[in-house]
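Below, each chain spelled out in residue letters.
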Amino acid sequence: MAKKREPPSIKELPDTFLDHETYGYPRTFDPNFKGPVAKRNKTILFYFNLFSCTSPSVVVNLQCPTTQICVSKCPEKFLTYMEIQFMYRTNKHYWMYYSQFCKSPFVKPAKTVTQVLLDDDCPIAIFPSKPFLQRCFPDFTTKNGTLTVGNKTIFEDGSGKKRNAIELRRAANRVNKILDARAIGMKVFEDYATTWYWILIGLTIAMLLSWLFVILLRFTAGFLFWVFMVGVIGIIGYGIWHCYQEHSNLQGRPNSHLTIYDIGFQTDISMYFQLKQTWFAFMIILCLLEVFIILMLIFLRERIRISIALLKEGSKAIGYLPTTLIYPVLTFIFLSICIAYWAVTAIYLATSGVPIYKVISPERTCKHENTTCNPEIFNTTEIARVCPGAQCNFAFYGGKSLYHQYVPTFQMFNLFVFLWLINFIIALGQCALAGAFASYYWALKKPDDIPQYPVFTAFGRAIRYHTGSLAFGSLILALIQMFKLVLEYLDHRLKEAQNNISKFLQCCLKCCFWCLEKMVKFFNRNAYVMIAIYGKNFCRSARDAFNLLMRNVLKVAVMDKVTDFVLILGKILVAGCIGVLAFLLFTHRLPVMIEGPTSLNYYWVPLLTVIIGSYLVAHGFFSVYAMCIDTIFICFCEDLERNDGSREKPYFIAPTLHGTLNKMQLVPLKQKE
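All values derive from a computational prediction rather than experimental measurement.

Lay out the overall build of the chain with the relevant residues and their values.
When you go through the chain residue by residue, the secondary structure sums to 19 helices and 13 strands. Within the chain, the fraction of its 673 residues that count as buried is 45%. Put simply, of all contacts in the chain between residues at least 6 apart along the chain, 73% involve residues at least 24 apart. Of the roughly 35,700 Å² of accessible surface on the chain, 65% is carried by carbon and sulfur atoms.

How would you sum up the state of the cysteines? Please name residues and give values.
Summed over the entire model, instances satisfying the criterion amount to three disulfides. Disulfide pairing is shown between cysteine 74 and cysteine 136; the S-S distance is 2.1 Å. Judged by the torsion about the S-S bond (-95°), the cysteine 74/cysteine 136 disulfide is left-handed. One end of the pair, cysteine 74, is in the loop between β2 (68-71) and β3 (79-80); the other, cysteine 136, is in strand β6 (residues 136-138), and 62 residues separate them in sequence. You'll find cysteine 74 and cysteine 136 in the same group, each marked buried. Across the disulfide, cysteine 102 is cross-linked to cysteine 122 (sulfur-sulfur distance 2.0 Å). Its torsion about the S-S bond being 115°, the disulfide of cysteine 102 and cysteine 122 is classed as right-handed. Placement of cysteine 102 in the loop between α3 (93-99) and α4 (113-119) and of cysteine 122 in the loop between α4 and β4 (125-126) is noted, with a sequence separation of 20 residues between them.

Which residues make up the UniProt feature "transmembrane region" (unreviewed entry) in the chain, and what values do they have?
According to UniProt, the "transmembrane region" (unreviewed entry) feature falls on residues 196-217, 223-244, 279-300, 325-350, 415-443, 463-487, 565-587 and 607-637. Here residues 325-350 is 92% helix and 0% strand, with 39 Å between the C-alpha atoms at its ends. What you have in residues 463-487 is 96% helix and 0% strand, and the ends, taken at the C-alpha atoms, are 34 Å apart.

How would you explain unusual backbone geometry if you had to name every residue and give the values?
You will see that tyrosine 453, though not glycine, has its phi angle at about 50°, which is positive. You can see tyrosine 453 is positioned in the loop between α12 (407-441) and α13 (454-465). Classification of tyrosine 453 by relative accessible area gives exposed; the value is 64%.

Got a sec to walk through the packing of aromatic side chains? Specific residues and values, please.
One pass over the full model with this rule turns up 20 aromatic pairs. Ring plane angle 45° and centroid distance 5.6 Å describe the contact between tryptophan 211 and phenylalanine 621, whose orientation is recorded as tilted. Of the two residues, tryptophan 211 sits in helix α5 (residues 165-249) while phenylalanine 621 sits in helix α18 (residues 604-642), which places them 410 residues apart along the sequence. Every member of this aromatic cluster is reached through a ring pair, and the members are Phe46, Tyr97 and Phe101. Over the ring of tyrosine 97 we find lysine 77; its NZ or CZ atom is 5.0 Å from the centre of that ring.

About the thresholds
Residues numbered from 1 in each chain as written. Predicted model: local features only at pLDDT ≥ 70, side-chain atom pairs only at ≥ 80, totals over all residues. Heavy atoms only, no water. Helix = DSSP H or I, 4+ residues; strand = E, 2+ residues; numbered from the N terminus. Buried < 20%, exposed > 50% of the residue type's maximum accessible area, 1.4 Å probe, protein only. Contact = heavy atoms within 4.5 Å. Areas by Shrake-Rupley, 256 points an atom, 1.4 Å probe, with all protein chains shown as cover. Disulfide = S-S within 2.5 Å. UniProt positions renumbered as here; feature names shortened; annotations may be inferred. Phe/Tyr/Trp six-rings, centres within 6.5 Å; stacked < 30°, edge-to-face > 60°. Lys NZ or Arg CZ within 6 Å of the ring centre and 35° of its normal.

Here's what the structure looks like:
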């Protein structure tokens, strides 16, 4: 791919347009977009009525309701169509200059202003403009703190109204936001098209690295644990150093001292990376995370020995049941099918109607704004005469039948079914893996007593006997998640109308549902383990699992959660290693070893994709490990309550794990003879 010409650097980062000579415009326009088909030597886009871009419908429809044509140069003076009609009588040169901004050449300005608005042949006014990234934008200047256009602060817009430079700047800003959405989307697509194979390579390396860690944990769990610790601390330390370097490099640069509050919300994310405050905030966050991990290692150093013993036991179980590592692929396939079903159904519902067109008017005073219209006969209707400059644009698909009235209800039902299916697939995977690992634990002579094809057997048993229990547990979780989505939707729609009390209640409800979802997930997970062991229904299994955990609260705190912390660090290590390599590659800091992709618009887009994707890949592998340890832990608690270590009731726990737990005084010191 040819290297692109970089846009001019940012000298100022205001939230509005200012003087292009003094401050410089933001880099937010796509120079390749030209609207209508450009003619020869006409490469600059010109807007007929820039004030129409201030309409609220612009944000919804992502288009400015005014004619756009390509011109060879931008206007250099103030002129209105009415002024041209008077000037034409004395000097035809004025009309020759003005007509170059019309859609087609005219011999003379014979039409009235109203007719020009209806036919949309020419702009009713032009303003002094300068080309910026192949677009004509007003030539803003600042004099004594006052914003002007062509040395004027107030001027006519051609329809008899007085306008000021601030209104024109507001319209230019609205065009800026429209083009931001389109330009950023195109640039992100270009970045993905350039780096897609590098992303796949990164995800493949993450899969191999995760697989390697899982295999090595069986033999060197203690060593790999400290590799995890040192690796995570080192990666976070590198992040702190990089943030400090970026913060130091911005010293002395103009306007790098501005705060995020000063520049406001910007769709161009790269603007924030030019501020010292951004890198300082990242550095503080990483420092706090580094201190937290170090303190956890210090205070939990005795508990880490138990985690290492559990990791070794889990590695041994996975070594006897290697097919469990393939199961996340099956879960991924099932989830992909569910996502595809939901997306296709949602698209069919959204497009199951006739195209609906709405009236978009450049003036907010038009009483027909957002009413339906017919584009084929719109110019002959009363609306076109009452609201000059109004256009009939596509809005959405819809209809007035009984079916179309219930389309939003169908969409909500489709979303609920999607959540239910996703949770059911996750529950099915947990129950199948729990059944396979339980068969390993309760085998007295390992591996001789382990049944053949344990994963396939446990999966078939879950499908045949426990589908109703899994569906019921998934239904409870889906209902909670649906309530959370409804709360988020109401908060979004009623955000401006809420007072402090309603916001407080909304925040409390969100917090309560978040805690409830986490609690239900925890109980469901342990209930599925009990279902896999005993085959009881969901309610009895959830009750038995809850009572069992409550009788072993100390063991839960010591063994289960510390091990989860270790696995989380393992995921961070895998994602961090791949993220560092991707960062060095996409920022061309590995020129000696390998040449990365060139001319990326936003290198952080493929970088975040690789990091998040690597974390998800590692999560898929380590989730098998987590399910193995959770199952072994539940079986271990059951083992201690059902057996006493005698010859008639021997413990099923592995001798190595039993010896480690002896030292922590969590099990009887020795088995009874």
